[in-house]
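Commentary on secondary and tertiary structure
Chain by chain, the residues run as shown.
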Amino acid sequence: MRIDVLTLFPMMFQQFLQESIVGAAVAKSAIEPFITDIRDFSGNKHRQVDDYPFGGGAGMVLKPEPLISALEYLNYEEAPVVYFTPQGKVLTQQLVKKYASLPRMILLCGHYKDIDQRVRDNYVTDELSIGDYVLSGGELPAMVLIDAVARLQDGVLSDIDSAATDSHEQGILGCPHYTRPAEYLGMEVPPVLLSGNHARIEVWRHEQAMKLTRERRPDLLKHGE
Ligand code: ADE
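Residues numbered from 1 in each chain as written. Predicted model: local features only at pLDDT ≥ 70, side-chain atom pairs only at ≥ 80, totals over all residues. Heavy atoms only, no water.

For the coordinates displayed, the defined rule picks out 2 aromatic pairs. Relative to Y73, the ring of F41 lies with its centre 5.3 Å away and its plane at 50°, an arrangement referred to as tilted. Pair noted here: F41 is in the loop between β2 (32–37) and β3 (50–51) and Y73 is in helix α3 (residues 64–73), with a separation of 32 residues, a long-range link. Exposure remark for Y73: the relative accessible area of 59% places this residue in the exposed category. Their ring planes at 55° and their centres at 5.1 Å tell us that Y76 and Y123 sit as a pair that is tilted. Residue Y76 is found in the loop between α3 and β5 (81–90), and its partner Y123 is found in the loop between α5 (117–122) and β8 (126–129); the two are separated by 47 residues along the sequence. Among the residues examined, Y123 registers a relative accessible area of 17% and is labelled buried. The ring of F34 carries the charged tip of R2 above its face, separated from the ring centre by 4.1 Å. (Phe/Tyr/Trp six-rings, centres within 6.5 Å; stacked < 30°, edge-to-face > 60°. Helix = DSSP H or I, 4+ residues; strand = E, 2+ residues; numbered from the N terminus. Buried < 20%, exposed > 50% of the residue type's maximum accessible area, 1.4 Å probe, protein only. Lys NZ or Arg CZ within 6 Å of the ring centre and 35° of its normal.)

Quick look at the structure:
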């Protein structure tokens, strides 16, 4: 999957794309990130990309020309153009799966107050939020989406940490996990996990997942909403 990122802060992505599961996905070419510095498309020698908002008010707005030049350079019509904003649709695992199945996506990271609305109206196809709080820019949300789609690409996760049992994958939260030692400082692992009875273990895990979901996220159990 090709993932284009348009950002004012390309350095933020360097380490992120080299580490852990995302790093492995890049190394295997399961995802192919292309980071574009919006300032390279400023069209002026000061590399200025923002300006004061018409009508006044606090904060700066990203100008349309650099964004549109960069999008045209990237043949933006070939892929969804995703803009990250708290006004967007809240990202869920269901949406992550949809993006993960695409051959390409273009992630537009805003900064400062906003990007010029004309870019949102005429070039952006999808607006996503990663939750009801405000960040300084779209870089962290872009990394969130890249991480979530990278781990779903074929061959990225081993069977052992397969995505199937993750929280949200079955529409509920995941179950608790334990590893060796079986007893530490008087704290014991639930005996069923040491029983070797896989059918009982599966039942226990499902019960634990349901209990956690009822306690913490009853909203996930309400269907048809
Ligand atoms: N930009 C700033 N805050 C954001 C959020 N919560 N989600 C997506 N993009 C954002």
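Around the ligand, the surrounding shell consists of F84, T85, P86, L128, S129, I130, G131, Y133, V134, L135, G137 and P141. The separation between a nitrogen atom of the ligand and a polar main-chain atom of T85 is 3.1 Å. A distance of 2.9 Å separates a nitrogen atom of the ligand from a polar backbone atom of I130. Look at the ligand: alone it shows 260 Å² of surface, and the protein chains cover 96% of it. For the shell around the ligand, the elements supplying multiple residues, two or more each, are β5 and β8. Per-element accounting of the shell around the ligand gives the leading share, 3 residues, to β5. Here the shell around the ligand is built from residues that sort into 8 nonpolar, 4 polar and no charged. (Near = heavy atom within 4 Å. Polar contact = N/O pair within 3.5 Å; in protein donor to acceptor, adjacent residues only side chain to side chain. Areas by Shrake-Rupley, 256 points an atom, 1.4 Å probe, with all protein chains shown as cover. Nonpolar A, V, L, I, M, F, W, Y, C, P; charged D, E, K, R; others polar.)

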